[in-house]
Amino acid sequence: MLEVHRINTFYGEVHALKDVSFTVEDGEVVAFLGANGHGKSTLLKTVCGLLPPSTGHIEFNGRRINHLPMHKIVERGIVYVPEEKHLFPDLTVRENLLMGAYIARARKEREKNCEMVFELFPVLEKRQNQIASTLSGGERQMLTIGRGLMSSAQLMAIDEPSVGLAPRLKMEVFDKIKEINEQQGLTIILVEQEVESTLAISDRGYVMKDGRIVFEDKSNNLSIDVIQKQYLA
Amino acid sequence: MGMTSDNATTIYERFLRRSTVILVLLLLILFPLYGDPYYTHLMLLSFIWAVVASAWNLIMGYAGIFSFGTLAFFAVGAYSSSLVEVWGGISPWPGLLLGGSSAALAGFIIAFPCLRIKGLYIVLVTVAFHQVIPIFIKLGGTWTGADVGLMDMPHYSLFGYDFGTYKICYYYLALFLFIVLHYIIYRIIGSNMGLAFVALRDSESFAESLGVNRAKFNVVVFVISSFIIGMMGALYVHYLKVATPRILEIEIFAGAIIMVVLGGLGKFPGVIISAFMVTFLNEFLRTAGLIRPILLGAIIIAVIMLFPSGLSGLVDSAYRYAGRTLHSLRPGKM
Amino acid sequence: MQILVPLINVIISGLILGSLYAVMSMGLTLIYGIGRIFNFAHGAFILWGGYFTWFLCTKFHLNYGVSVVLGILILFPVGWVVDRLLLYPLRRKPNFEINAVIVTLGLAILLGNAGDVIFGTRFKTIDQLTEGLLRMGRFTITHHDIATLVITVAILLFLELFLRKTTLGTAMRAISQDPVGAKIVGINLDRLFAFTFALAAALGGISGVLIAPRFFITPAVGWETLFKAVIIVIFGGLGSVKGTLIGAFILGMLEAFISMYLGMFWVSPMWFILLIIVLFIKPRGLFGTWA
């Protein structure tokens, strides 16, 4: 589904991604793990079109997307769920969700998708007329994921969904992500620092260090030890 | 060899820059002796506007304070010096300094509300200041000459030569101030103060965390630039022998903005070149009448769209290219 | 009873002025709130609303009402083109905010005087939409003023509905709250910036048309209306539609009162003093979100 060939991305002068290549198959949950500042978020931003790569190319369902503006990439079927959330603070929960269905393809299925999101996250339905800035941290994370689901995407890239959440909420978030993947067949790329939970719900994992992929394997074969060894090597 | 290629080209560049400056200064000094009085007049105006544009560049481009209404200080200097001389009997030389000082005071006052606000609001505050001044001038009636203008300012004189009669003296006065004030601006930029300005502009919180006092530097740059511009305002109206609210008109404002923007915000010496260009252009367009403001507007648009980094960018590249060429031509290279 | 009659007349004037000012300033707020730039050429669009109407009325002898509609239809694409030609290329380059201010300043100077060149410098006036007065007991109000009030209130209601209920309107609000979020949901920001600018131009044009019968149409009108719009927008809070609305009505009412009880002479100074007060005391205005 997604093929990334040797991309290099720069944040100004900083070489954030160095010759990164990987693939993602239909229906997978693929994890990117590693310490902060080693390029995981940059990777997602590059794939989703927020930060174009300087060299290399990205193909989604056989078509190149690396040169496209972000709104076109959303139209092609990739949606970004950022760590900073980027919700619309003065719009209601419902309005935020409806904005998630902005693109033409999603607009037709707006009501249907909204129902689906409410089923997944009942608390959002309860608070649907509240403005987003009044939500708690966990509710905001749910709203961000829900908004992403509204776009009827095929691939969802989620950046550190569990950060800042209480342990019980963290578990809930991971469960929901797995549920979305299994029930809807939504392919997911997941960037996280919570190694164990992430490996539990993913099929494969990549380890990143210094802007490169240094290791990859099926999640079954990965563990904190393996990853730590990469960082100490 | 001991020297890297980059060092060597820099030496050539510096040599080229310095010799160009000296050559140009020599030409400027000799100019009025052999040149047409009409062009001498234009050169004089260019000196004045070049200083104004450089000071404006200091506060807007260098310090990053978007003071669009800076021209107001030009008027403050012009009117305060004239008023004090005409009604207070002060002689013109101290009047010149007084013009600068009252503009500096105005700058000091305006600086404070500008401390609390950022970017766009500073544009609005300073433009409001610019808009308010003509109102006060008109309200002043015969005291300020209102729309007709204030005249009968005493003439400068030195060693018995009355500047009003010997206009060439104005030229040398303007040239002298042009050189001195630019030297001062140049030294400011190269000093620690200059570094502080740039640091505050580019990375405010970082600079403040290093102990740079933003309030102090903002006020200082307001005061310095207004003083310089105020003094030029005083000189300007003494030369023209009349002070009218027209110095704050849209066309003059547009011309001055073009100078700063065309020259390259925050960079020298493009501002000086563009000041000359605009002054001459304005003069030649004088016959165009109604079309002139339209052309000025079009030029502003064109400059921003095509030369966002202004003439200074071009000048820098030219010197760099010439420096590299000289370096590659040096003997013994092969 | 003696004070009541003129008082109510003043209040009515204030309402009309307020709603007129609200339409006049709304474009500036929208461009700042959504496009994050200050449009110096806003006054020029207002002025050209007047020019187009005058031109259509006098040269083609079109009815004032038709001219209004045509004027708006022309200004919307003009605004769109201005955004695409001048602002779109600058968005990708550094220093966008300051460059946008300067380029719109250049445009304002250009457009401001183009009218004189194209149409000549003779005084231009437009007759009112309808002649006639409405008398209700001791209160009088011209038909034109009633029409103005109806039109402006309709526009403001339409705008409110548009922003709150439609997808496009909500998208515009979304961009003003989080532009990155807007990108994430797939909004084409460039197209929406162009739309916002076009809408602002059209709103400016409408207000220019409505204002035109009150003044001679000269380039100075462009700067004066810009100045008032700036004060209203700062007073209400840059970027806040609600603030602009309330600010416009407060200031319109204030102007009506000062005009009646102190005289027309004090109106200009009132605006200056207001600006100085607001900028020195509370630059954020009533509902502003940016300092």
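The structure displayed is predicted, hence computed values, not measured ones. (Residues numbered from 1 in each chain as written. Chains lettered and ligands numbered in written order. Predicted model: local features only at pLDDT ≥ 70, side-chain atom pairs only at ≥ 80, totals over all residues. Heavy atoms only, no water.)

S.K.: Hey, could you run me through the overall build of chain B in this one?
M.R.: Looking only at helices and strands, chain B has 13 helices and two strands in total. The C-alpha radius of gyration computed for chain B amounts to 21 Å, which stays within 12% of the reference 20 Å derived for 334 residues, consistent with globular compactness. For chain B, the C-alpha atoms occupy an extent of roughly 75 × 55 × 45 Å along the three principal directions. In chain B, which comprises 334 residues, the share counted as buried stands at 52%. Sequence separation of at least 24 residues holds for 79% of the intrachain contacts in chain B that already meet a minimum separation of 6. On chain B, roughly 15,500 Å² of surface is accessible, and the fraction owed to carbon and sulfur atoms is 69%. If the 20 positive side-chain charges of chain B are averaged to one point and the 14 negative ones to another, these points end up 9 Å apart. (Helix = DSSP H or I, 4+ residues; strand = E, 2+ residues; numbered from the N terminus. Rg over C-alpha atoms; globule rule 2.2 N^0.38 Å. Buried < 20%, exposed > 50% of the residue type's maximum accessible area, 1.4 Å probe, protein only. Contact = heavy atoms within 4.5 Å. Areas by Shrake-Rupley, 256 points an atom, 1.4 Å probe, with all protein chains shown as cover. Lys, Arg positive; Asp, Glu negative; His and termini not counted. Charge placed at Lys NZ, Arg CZ, Asp CG, Glu CD.)

S.K.: Help me understand the pairing of strand 6 (residues 78-81) of chain A, please; the structure alone is not making it clear to me.
M.R.: A regular strand places its side chains on the two faces of the sheet in alternate fashion. All names here are of chain A. Of the two faces of strand 6, the one holding Ile 78 and Tyr 80 and the one holding Val 79 and Val 81 are both buried throughout. The sheet contact formed by strand 6 and strand 7 (residues 155-159) spans four bridges and is parallel. Each bridged residue has a counterpart across the sheet, and for Val 79 the counterpart in strand 7 is Met 156. (Pairing = 2+ DSSP bridges.)

S.K.: Sorry if this is basic, but what is going on with the interface of chain A and chain C here?
M.R.: One frequent convention defines the size of an interface as the accessible area lost when the parts assemble. Contact residues are listed per partner, giving 21 residues for chain A and 19 residues for chain C. Three residues stand out in chain A for area buried against chain C, namely Phe88(A), Met99(A) and Tyr102(A), and they jointly supply 32% of the buried area on that side. Viewed at the interface, chain C and chain A are joined by one salt bridge. Residue Arg173(C) pairs with Glu95(A) through a salt bridge whose shortest N-O separation is 2.8 Å. Our count for the contact surface shared by chain A and chain C stands at six residue pairs in polar contact (both at pLDDT 80 or more). Looking at the side of chain A that touches chain C, the elements that each hand over two or more residues are helix 2 (70-76), strand 6 and helix 3 (93-100) of chain A. Looking at the side of chain A that touches chain C residue by residue, the class counts come to 13 nonpolar, three polar and five charged. (Buried area = accessible area lost by both parts, 1.4 Å probe. Salt bridge = Lys/Arg side-chain N within 4 Å of Asp/Glu carboxyl O. Polar contact = N/O pair within 3.5 Å; in protein donor to acceptor, adjacent residues only side chain to side chain. Nonpolar A, V, L, I, M, F, W, Y, C, P; charged D, E, K, R; others polar.)

S.K.: Help me understand the pattern of salt bridges, please; the structure alone is not making it clear to me.
M.R.: Pairing is possible between side chains that carry opposite charge, provided their charged atoms lie close to one another. Counting across every chain of the model gives 17 salt bridges over all chains. Look at the salt bridges and you will find they share partners, linking Glu28(A), Arg204(A) and Glu216(A) into a network.

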